[in-house]
Amino acid sequence: MGKVAIIGVGQSAFVRSYPGSIRELAFEGFREAIQDAQITTREIDASIICSAPEYDKQRSPAGVFAEYLGLNPQPTFYVESLCSSSSMGLRQAYALIKSGLHKIVAVIGFQKMSEISSSESQERMGRGADIQWESPFGTMMPAYYAMYARAHMQKYGTTPEDLARIRVKAATYGQINDRAVYRKPVGLEMFVDPENRMSGPVASPLRVGDCCANADGSSCLIVANEEMAKALSPKPVWILGLGAASASVNLAGRDLFTGLTVARQASRQAYQMAGVGPPDIDVAEVHDCFTIAEMMAYEDLGFAEPGGGKELIRSQATYREGSIPVNVDGGLLSKGHPIGATGGSQIRTIVLQLREEADAMQVPSPEIGLVHNIGGVGLYGNVSILGRA
Amino acid sequence: MGSIKEMDDRFKKFGTVSFTSTTKINDFIDYLENGQVMGTRCKVCGLVFFPPRADCYQCLASNMEWFEVAGRGQLVTYSKLEFAPVGFQEDVPYCIALVDYGDYKVFGRIAGDVPEGDIQIGMEVKTVVNRVANEQFNYVFQKA
């Protein structure tokens, strides 16, 4: 059984409100990936469409996309695991290829969050957890991550300023990423200025600046078996390790509130499969839907001991020049978070880094990269390790 | 239409806004109306559940007995919301929280009359039934 590679990547710009339909949005990421892979649509054996369906008006988008993208009559289907949908899509593509069923598979992630009105979106937000036992209390995503932030601060002495430092880092790179929705600089002083929007309370201890923005966007990965990858691609990026896990949706069913068990379990699986460890990772993309999520990712992935994440950001070790660069494309905090497209965008960033095509965001000669993509509040977790060889 | 009228939809009375009406553990609502917050325990294998459930994943039996969430628990973590989803805006600000009772945990709200300055992780609380608007019920955590 041969290896599996990513031979093409694409993403649309992430924007507040995409001026087109979902099929047109998907086309943008798809076209870039097909052109990047230098193949034709006829060479794609199957497509996997990834999104969170609560934002879709279209029932079963896979069929609509396959038609619009010229992927009939090949099989197409839909994969959903909230914000980690397209990493789960990559996992499915790997399985389809490794099994020998298909040679080349397209993983297409998208979300048009502006497809529904703001009040509809608010209503869905309230149903983003256990609708029987949690939502009736009036819950929201930021509040759940805020509960983790509170517990992390209590146990490890992490401060609101440490979290703000993560946002400042994100903005450093968001400014140089032309696909990002938020491209303005952010300074620590904004978080202590009551007049500044960044300091506004959302769900204590998280503030506006600790939260990523909704966005519309699409991403696409072209995944191929070893034979096709070697024949077609001058710079295939190989899938070295994949991990995935799930956890109780209701917080009452969990025991850990200073980290995400799904990230710890998925990363352990991925490291083992790849035969590498945290010190081998040269560049990483982590799921920073909120600043606390990146802080916990440092620790859950083994870049720092539990509680040691704050030292990484204080010492700027996760900046581009640091020992373990993280989210040097601006992360979700700057790029925006179009749910189903996010994982594909993270993977695209690592693929470009490993091909040394990341332009101003490039870290020096990375060999191995890691993608950490979380669905819900640690409900689903995917970790993917990619390499040049 | 008759069958719809007869459907047991008591659970629609849970919380400020309930998103569920039909469940096999609807007696939870009757207990709430009587001032009790209840979980379930599997009569076959003894596993304890909160929130309550009708079916046991450990032994696959559907044979539960009710127990009361009584005594003191410890506050695990909390957050004060300054924004709320549709249907909850009138309640802002409010704190959601998680409480550990040892054998199980309870997710809910901190009682509105607990001053924020008094809230601390590790503090002892009790879970009490709370009547909200429109004949709806939930439960909240009070200082023990």
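Residues numbered from 1 in each chain as written. Chains lettered and ligands numbered in written order. Predicted model: local features only at pLDDT ≥ 70, side-chain atom pairs only at ≥ 80, totals over all residues.

A few words now on the overall build of chain A. Counting its regular elements, chain A contains 12 helices and 11 strands. In terms of overall size, chain A behaves like a compact globule, its C-alpha atoms giving a radius of gyration of 19 Å where 389 residues would be expected to give roughly 21 Å. Expressed along its principal axes, the backbone C-alpha trace of chain A runs to roughly 55 × 45 × 40 Å. Scored against the burial criterion, the 389 residues of chain A give a buried share of 62%. (Helix = DSSP H or I, 4+ residues; strand = E, 2+ residues; numbered from the N terminus. Rg over C-alpha atoms; globule rule 2.2 N^0.38 Å. Buried ≥ 20, exposed ≤ 12 C-beta atoms within 10 Å, placed from the backbone.)

To continue, consider the interface of chain A and chain B. Listed as interface residues are 30 residues of chain A and, on the opposing side, 35 residues of chain B. Elements with a contribution of two residues or more to the side of chain A that touches chain B: helix H4 (118-126), helix H5 (141-156) and strand E5 (201-203) of chain A. Among the elements that line the side of chain A that touches chain B, the one with the most residues is H5(A), at six residues. Tallied by class, residues from the side of chain A that touches chain B come to 16 nonpolar, 10 polar and four charged. (Contact = placed C-beta atoms within 7 Å. Nonpolar A, V, L, I, M, F, W, Y, C, P; charged D, E, K, R; others polar.)

Our next topic: the sheet that holds strand E7 (residues 216-225) of chain A. All names here are of chain A. With respect to topology, nine strands assemble into an open sheet ordered E3-E2-E4-E7-E1-E8-E11-E10-E9, the strand pairing being mixed. Edge positions in the sheet fall to strand E3 (76-79) and strand E9 (283-285), since each has one partner strand and no second. Strand-to-strand twist across the sheet, computed as the mean angle between neighbouring axes with direction ignored, equals 25 degrees. Pairing geometry for E9 and strand E10 (residues 368-375), over three bridges, is parallel. Bridge pairing in E10 places Glu285 opposite Val371. (Pairing = 2+ DSSP bridges. Axes fitted to C-alpha atoms, helices over the stretch in contact; angles between N-to-C directions.)

A word on the pairing of strand E4 (residues 73-81) of chain B. Residue and element names in this part refer to chain B. Counting buried positions over the nine residues of E4 gives eight, a clear majority of the element. Pairing analysis gives two bridges linking E4 to strand E7 (residues 124-132), with the strands arranged antiparallel. Bridge pairing in E7 places Gly73 opposite Val125. Both E4 and strand E5 (residues 94-100) contribute to a ladder of seven bridges, which runs antiparallel. Bridging across to E5, Lys80 finds its partner in Cys95.

Looking now at the domain arrangement of chain B. Residue and element names in this part refer to chain B. By domain assignment, chain B separates into domain 1 (2-68) and domain 2 (73-143). The straight-line distance from the C-alpha centre of domain 1 to that of domain 2 is 20 Å. In this complex, domain 1 contributes 13 residues to the contact, which on the side of domain 2 involves 15 residues. Counting residues per element, the ones that place at least two in the side of domain 1 that touches domain 2 are helix H2 (27-33) and strand E2 (48-49). (Domains from an automatic or database assignment.)

This part takes up the sheet that holds strand E1 (residues 38-42) of chain B. All names here are of chain B. An order of E2-E1-E3 is seen for the three strands of this open sheet, with the pairing classed as antiparallel. The two strands at the open ends of the sheet, each matched to only one other strand, are E2 and strand E3 (64-68). Here E1 pairs with E3 via five bridges, running antiparallel. When the bridges of E3 are listed, Arg41 appears paired with Glu65.

Residues and elements named next belong to chain A. With 16 residues, helix H1 (residues 22-37) extends 23 Å from end C-alpha to end C-alpha; this agrees with the ideal 22 Å at 1.5 Å per step. Buried within H1 we find Ile22, Leu25, Ala26, Phe27, Glu28, Gly29, Phe30, Ala33, Ile34, Asp36 and Ala37. Looking at the packing, one finds that the buried side of H1 touches strand E1 (4-11), helix H2 (61-68), strand E4 (104-112), E7 and helix H7 (226-232). Positive phi shows up at Gln38, right after H1, with a value of about 55 degrees. (Expected span 1.5 Å × (residues − 1).)

Residues in a regular strand point their side chains to alternate faces of the sheet. Residue and element names in this part refer to chain B. Bridge count for strand E6 (residues 105-110) against strand E8 (residues 136-143) is two bridges, and the pairing is parallel. Within E8, the position partnered with Arg109 by the bridge is Val140. Sheet topology places E7 next to E8; eight bridges connect them, and they run antiparallel. Across the sheet, Val129 pairs through a bridge with Tyr139, a residue of E8. Taking the residues between adjacent antiparallel strands as the criterion, E7 and E8 are bridged by three residues, where Asn134 takes a positive phi near 60 degrees.

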